[in-house]
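Next come the chains, spelled out residue by residue.
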Amino acid sequence: MTLFPGVALVTGAASGIGRATAIAFAVDGCRRIAICDRDLPGLEATRALIIDIKREDADVDVEMEVEVLQVDILKEDDIERMVRMTVRRWGRVDYAVNAAGIIGNNAPSTSTSSAQFDLVTNINYRGCWLSSRAELAQMVGQEVLPSHDGRPGERGSVVNIASQLGVVGRPNAPAYCASKAAVIGMTRCDAIDTDEEQYSKHNIRVNCVCPGVIATPMTQGDAVFRKALEPAIDIAPMQRMGTAQEIADACLFLCSSKASFVQGHALVVDGGYVIN
Ligand SMILES: NC(=O)c1ccc[n+]([C@@H]2O[C@H](COP(=O)([O-])OP(=O)(O)OC[C@H]3O[C@@H](n4cnc5c(N)ncnc54)[C@H](O)[C@@H]3O)[C@@H](O)[C@H]2O)c1
């Protein structure tokens, strides 16, 4: 029996952590997955990878359904449409992982323009907030999905991707670090809101994952930036980059009913970087 009988929605699914998370849902038996990103060719490649998993799995006789949604999370209308289209097809959203994001401009504040600051903030923080807001609004109104073992079921689970750099600082990253600290703060506040319209008492959980340095196109693309990351890798006790799969695993745990008592948590997955 799969831990994921419901509907998954993943932003940033054209690349890196988002792609690995969408694929991990499929591997773990989720059969209805909305993959969302502004990069349409990247989404088509993710879709093909998911469909390939199904072909290799002889035990699966249920049709895999993948909804490809081109979405720019800078645009509120796109995000509202993203959730609307997912619900139009499958009636609900059970597991939402908000992974779309960009790296910062790699400069101190006095060398950062307000336009650079706004871009990082508007994608990493505002876009994540708009996404989780739309997902939560849907989850509040949907029926509870039973759990895998009879513990109380849930209306939904949101996982926002923050960063180890939302927990600690690093040189040349004020805009990025602030955007990720904001995601952690937002996650905690959504998790503790308990008014009539709010989430915890509706059996909705909101958590975030704080990745360390992970080998994805974000960190591997630029040789100068790769070099700049070396000290951060050396500081962490495990002294290596993490993989996108290792972050996807944390996301799936938090989405699953095995994490039914985990609420408002910022799960750091960084090889020990922040404890050093
Ligand atoms: N790679 C790391 O070391 C690392 C560490 C900590 C946190 N993170 C966070 O993890 C998340 C995923 O990063 P990744 O490493 O997979 O990077 P990535 O560049 O491989 O993937 C990011 C995805 O987000 C999408 N995206 C960016 N802006 C968008 C927008 N406006 N609308 C829609 N989609 C948009 C991109 O098209 C891309 O597919 C990001 O939020 C990033 O900040 C990454």
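Keep in mind that what you see is a predicted model, and the values were worked out from it rather than measured.

*Asks:* Give a description of helix H3 (residues 76-90) that names residues and reports values.
*Replies:* Under the 1.5 Å per step criterion, the end-to-end length of H3 is 22 Å for 15 residues, consistent within 8% with the ideal 21 Å. Among the residues of H3, Asp78, Ile79, Met82, Val83, Thr86 and Trp90 are the ones counted as buried. One side of H3 holds all its buried residues, which, seen down the axis, span an arc of 135 degrees. Pointing more than 90 degrees away from the buried face of H3 are the exposed residues Asp77 and Arg88. If you follow the buried residues of H3, they end up packed against strand S1 (7-11), strand S2 (32-37), strand S3 (65-70) and helix H4 (114-140). Looking one or two places after H3, you find Gly91, whose phi comes out positive at around 85 degrees.

*Asks:* Explain the sheet that holds S3 to me, using residue names and the numbers behind them.
*Replies:* Ordered in space as S3-S2-S1-S4-S5-S6-S7, the seven strands form an open sheet in which the pairing is parallel. Two strands in the sheet have a free side with no partner beyond their single neighbour: S3 and strand S7 (266-269). Neighbour to neighbour, the strand axes of the sheet diverge by 15 degrees on average, direction disregarded. As paired strands, strand S6 (residues 204-211) and S7 are joined by four bridges and run parallel to one another. Within S7, the residue paired with Cys210 across the bridge is Val268. The strands that helix H5 (residues 174-192) touches are strand S5 (156-161), S6 and S7; relative to S6, the one it contacts most, it runs at about 160 degrees. Against the sheet, helix H8 (residues 244-255) touches strand S4 (95-98), S5, S6 and S7, its axis set at about 165 degrees to S6.

*Asks:* So what's going on with the side chain of Thr121? Residues and values would help.
*Replies:* Here Thr121 shows up in helix H4. Among the residues examined, Thr121 registers a relative accessible area of 18% and is labelled buried. Among the polar contacts made by the side chain of Thr121, one reaches the main-chain carbonyl oxygen of Phe117 at a distance of 2.8 Å. Discounting residues that sit within four places of it in the chain, Thr121 has contacts with Arg126 and Ser179.

*Asks:* Describe the packing of H3 against H4, listing the residues and the values that go with them.
*Replies:* The contact between H3 and H4 brings their axes to 9 Å, and the two run at 35 degrees. The interaxial crossing formed by H3 with H4 has right-handed handedness. Where H3 approaches H4, its residues Glu76, Ile79, Glu80, Met82, Val83 and Val87 are matched on the opposing element by Arg126, Gly127, Leu130, Ser131, Arg133, Ala134, Glu135 and Gln138.

*Asks:* Residue-level account of the packing of aromatic side chains, with values.
*Replies:* The relation between two aromatic rings is expressed through the spacing of the ring centres and the mutual angle of the planes. Throughout the structure, instances matching the rule amount to three aromatic pairs. Ring centres of Phe4 and Phe25 lie 5.2 Å apart, and the angle between their planes is 90 degrees; this geometry places the pair in the edge-to-face category. A residue pair is termed long-range when its members are at least 10 positions apart, and Phe4 in the segment before S1 and Phe25 in helix H1 (residues 16-27) qualify at 21 residues. Between Phe25 and Tyr95 the ring centres are 5.8 Å apart and the planes differ by 20 degrees, which places this aromatic pair in the stacked class. Here Phe25 is found in helix H1, whereas its partner Tyr95 is found in strand S4, with 70 residues between them in sequence. Judged by relative accessible area, Phe25 falls into the buried class, the value being 0%.

*Asks:* So what's going on with unusual backbone geometry? Residues and values would help.
*Replies:* Although it is not a glycine, Asn106 sits at a positive phi angle of roughly 55 degrees. As for its placement among the helices and strands, Asn106 is situated in the loop between S4 and H4. With a relative accessible area of 34%, Asn106 lands in the partly exposed category. At Gln239, a residue that is not glycine, the phi angle is positive and equals roughly 50 degrees. One can find Gln239 in the loop between helix H7 (223-235) and H8.

What counts and how
Residues numbered from 1 in each chain as written. Predicted model: local features only at pLDDT ≥ 70, side-chain atom pairs only at ≥ 80, totals over all residues. Heavy atoms only, no water. Helix = DSSP H or I, 4+ residues; strand = E, 2+ residues; numbered from the N terminus. Expected span 1.5 Å × (residues − 1). Buried < 20%, exposed > 50% of the residue type's maximum accessible area, 1.4 Å probe, protein only. Arc of directions from axis to C-beta. Contact = heavy atoms within 4.5 Å. Pairing = 2+ DSSP bridges. Axes fitted to C-alpha atoms, helices over the stretch in contact; angles between N-to-C directions. Polar contact = N/O pair within 3.5 Å; in protein donor to acceptor, adjacent residues only side chain to side chain. Left-handed = near helix turned anticlockwise from the far one by under 90°. Phe/Tyr/Trp six-rings, centres within 6.5 Å; stacked < 30°, edge-to-face > 60°.

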